[in-house]
Amino acid sequence: MLKSLHIVNYRNLKDFKIQKLEHINLITGKNNTGKSSILDAICLYASRGDVKVIQDILEERGEDYTLSSTPGDDDILDKNIKTLSALFTDRKNDKVISIGEIDNDTKVTFKFVKYQEENITEVSGGTIRRKTIIDSDKPEEENMTYKPGFQIIYRKDALLLELDANRYTRANNYKYKEKADKWQFLSPANYDRGEQCGILFDNIALTDKESYVIEALRLIEPTTERIAFVKEDLKARKAVIKLSDNPEILPLLSMGDGINRILSIILSLVNADNGFLLIDEFENGFHHSIQEKLWEIIFKLAKKLNIQVFVTTHSEDCISGFQKVLNRPESSVSGKLIRLENKNGAVREVEFSAEELKNADELDIEIR
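Parameters and conventions
Residues numbered from 1 in each chain as written. Predicted model: local features only at pLDDT ≥ 70, side-chain atom pairs only at ≥ 80, totals over all residues. Heavy atoms only, no water. Phe/Tyr/Trp six-rings, centres within 6.5 Å; stacked < 30°, edge-to-face > 60°. Helix = DSSP H or I, 4+ residues; strand = E, 2+ residues; numbered from the N terminus. Buried < 20%, exposed > 50% of the residue type's maximum accessible area, 1.4 Å probe, protein only. Lys NZ or Arg CZ within 6 Å of the ring centre and 35° of its normal. Pairing = 2+ DSSP bridges. Axes fitted to C-alpha atoms, helices over the stretch in contact; angles between N-to-C directions. Parallel < 35°, antiparallel > 145°, perpendicular 65-115°, else oblique. Left-handed = near helix turned anticlockwise from the far one by under 90°. Contact = heavy atoms within 4.5 Å. Nonpolar A, V, L, I, M, F, W, Y, C, P; charged D, E, K, R; others polar. Salt bridge = Lys/Arg side-chain N within 4 Å of Asp/Glu carboxyl O.

Asks: An account of the packing of aromatic side chains is needed here, citing residue identities and associated values.
Replies: Under the definition given, this model contains eleven aromatic pairs. Considering the side-chain rings of Phe110 and Phe150, the 6.3 Å spacing of their centres and the 25° angle between planes classify their relative orientation as stacked. Here the residue Phe110 occupies a position in strand 5 (residues 107-121), and Phe150 occupies one in strand 7 (residues 147-154), the gap between them amounting to 40 residues. Accessibility assignment for this pair places Phe110 and Phe150 in one class, buried. Relative to Phe299, the ring of Trp295 lies with its centre 6.1 Å away and its plane at 70°, an arrangement referred to as edge-to-face. Pair noted here: Trp295 and Phe299 are both in helix 7 (residues 288-305), with a separation of four residues, about one helical turn. Side by side, Trp295 and Phe299 carry an identical accessibility label, which is buried. Taken together, Phe88, Phe110, Phe112 and Phe150 form an aromatic cluster joined through their ring pairs. Just above the ring of Tyr45 sits the side chain of Arg48; from NZ or CZ to the centre is 5.4 Å.

So this is what it looks like as structure tokens:
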């Protein structure tokens, strides 16, 4: 688990710190305070800077300008640089993005670099291609050819993406030595994940985790007995549900958005054991009466499965449900509410303790 968080030069988080993180972390604040960017950054950290994760983030934000490229495009270099520059604060790509814990050198970093490429003839007669990163402070030598690249570093792993020949993601056949953490990320754009939910369900079918999913679905439909994923024709699989008082098998989509979103959340949760669960805009699709019960399940499973949870919200009902579960006498899971403020372009955290959360109605929480 992350004990703290330090994000440098990632989107609008120029130098952002959370001094102390807990097991369950609820993040709130006005728009443009960096709530979603924090989740993105944790996802990049957990994945050790995986290129596919970078691609997914940029595509979801509509910032992958390479999607319109074809092999041999003359402007592929410009598109690659423009795309990856979108990750940087103010798109200033001469800086270094750094994500990790405060006062801990184990961070994932991203930066644009220059490199030299040369062919080396081995004693055996074979030829290898060697790339050498050039120190940015070192003046360029005459008669040397420099190429643009994008470097990702985590501990002893260093990955160099070539930017002048292919779409940046296609230059990567690299396998990290450092194993990535488990993580699941739910954003408003991917709550209804269709086939992906089927894969997540396959991972936990016929295990104790399946019962956790059924328990959660009963928040919306108390007669839920079983669920499954079935394939119709050549289409992707769909979730179906069996109710105890109905002999028919029903499409889960027919039961409304709420139960389908709970399914996505719980399947993501039980597949993130010993890792991270990230949920953006938790309240979407839920009646306020459901939120406290859903928080209860999240607290219970986060402890049982050793999952660190990060959730963003704009909802006072979400905050109220969170604080009620957090402050129950029997609660043994630590949690905190983090409010983000943007002061003249600098984002900072405002932390509330569990004691302060005992009466959330009296807190000055401006979230809209």
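Asks: An account of the sheet that holds strand 11 (residues 238-243) is requested, with residue identities and associated values reported.
Replies: If you trace the three strands from one edge of the open sheet to the other, you get 10-11-12, paired in antiparallel fashion. A strand with exactly one partner marks an edge of an open sheet, and here the two such strands are strand 10 (224-230) and strand 12 (249-251). Strand-to-strand twist of the sheet, defined as the mean angle between neighbouring strand axes without regard to direction, takes the value 35°. Bridge analysis of strand 10 against strand 11 gives six bridges, and the strand direction is antiparallel. Bridging from a neighbouring strand, Phe229 pairs with Ala239 of strand 11.

Asks: Please set out the packing of helix 5 (residues 208-217) against helix 6 (residues 257-270) residue by residue, giving values where relevant.
Replies: Their axes nearest at 9 Å, the elements helix 5 and helix 6 cross at an angle of 155°. Regarding the angle of helix 5 to helix 6, the classification is roughly antiparallel. Crossing angle aside, the handedness with which helix 5 passes helix 6 is right-handed. Here Lys209, Tyr212, Val213, Ala216 and Leu217 of helix 5 lie close against helix 6, whose contacting residues are Ile259, Ile262, Leu263, Ile266, Leu267 and Val270. In terms of residue class, the contact of helix 5 with helix 6 is built from ten nonpolar, no polar and one charged.

Asks: Describe the side chain of Gln291, listing the residues and the values that go with them.
Replies: The residue Gln291 is located in helix 7 in this model. A residue is classified by how much of its surface remains accessible, and Gln291, at 2% relative accessible area, is buried. In contact with Gln291, not counting residues within four places along its chain, are Phe282, Glu283, Phe286, Ser315, Asp317 and Cys318.

Asks: Outline the pairing of strand 14 (residues 308-313), listing residues and values.
Replies: Within strand 14, six of the six residues are buried, which leaves the element mostly enclosed by the surrounding structure. With five bridges joining them, strand 3 (residues 24-29) and strand 14 adopt parallel strand pairing. Its bridge partner lying in strand 14, Asn25 is registered against Phe310. Bridge count for strand 13 (residues 276-279) against strand 14 is four bridges, and the pairing is parallel. The residue of strand 14 that forms the bridge with Leu278 is Phe310.

Asks: Describe unusual backbone geometry, naming the residues involved and giving the relevant values.
Replies: Positive phi, normally seen in glycine, also occurs at Leu206, with a value near 65°. With respect to the helices and strands, Leu206 occurs in the loop between helix 4 (195-204) and helix 5. Leu206 sits in the exposed class, given a relative accessible area of 80%. Even without being a glycine, Asn274 presents a positive backbone phi close to 60°. Here Asn274 shows up in the loop between helix 6 and strand 13.

Asks: With reference to specific residues and values, describe the packing of helix 5 against helix 7.
Replies: Where helix 5 contacts helix 7, the two axes come as close as 11 Å, and the packing angle between them is 170°. By the angle between their axes, helix 5 is roughly antiparallel relative to helix 7. Seen from helix 5, the contacting residues are Lys209, Tyr212, Glu215 and Ala216; seen from helix 7, they are Ile297, Lys300, Leu301, Lys304 and Leu305. Residue composition of the contact of helix 5 with helix 7, by class: five nonpolar, no polar and four charged.

Asks: Give a detailed account of the pattern of salt bridges, specifying residues and quantitative values.
Replies: Tallying each qualifying case throughout the model produces 18 salt bridges. Two residues, Lys209 and Asp273, come together in a salt bridge whose shortest N-O distance is 3.4 Å. With Lys209 in helix 5 and Asp273 in the loop between helix 6 and strand 13, this residue pair connects regions lying 64 residues apart in the sequence. With respect to burial, Lys209 and Asp273 carry one shared label: buried. Its salt-bridge partner being Lys336, residue Glu349 comes within 3.8 Å of it at the nearest N-O pair. Residue Glu349 is found in strand 16 (residues 346-352), and its partner Lys336 is found in strand 15 (residues 335-343); the two are separated by 13 residues along the sequence. One exposure class covers both Glu349 and Lys336, and it is buried. When salt bridges that share partners are traced, they join Arg11, Glu63 and Arg91 into one network.

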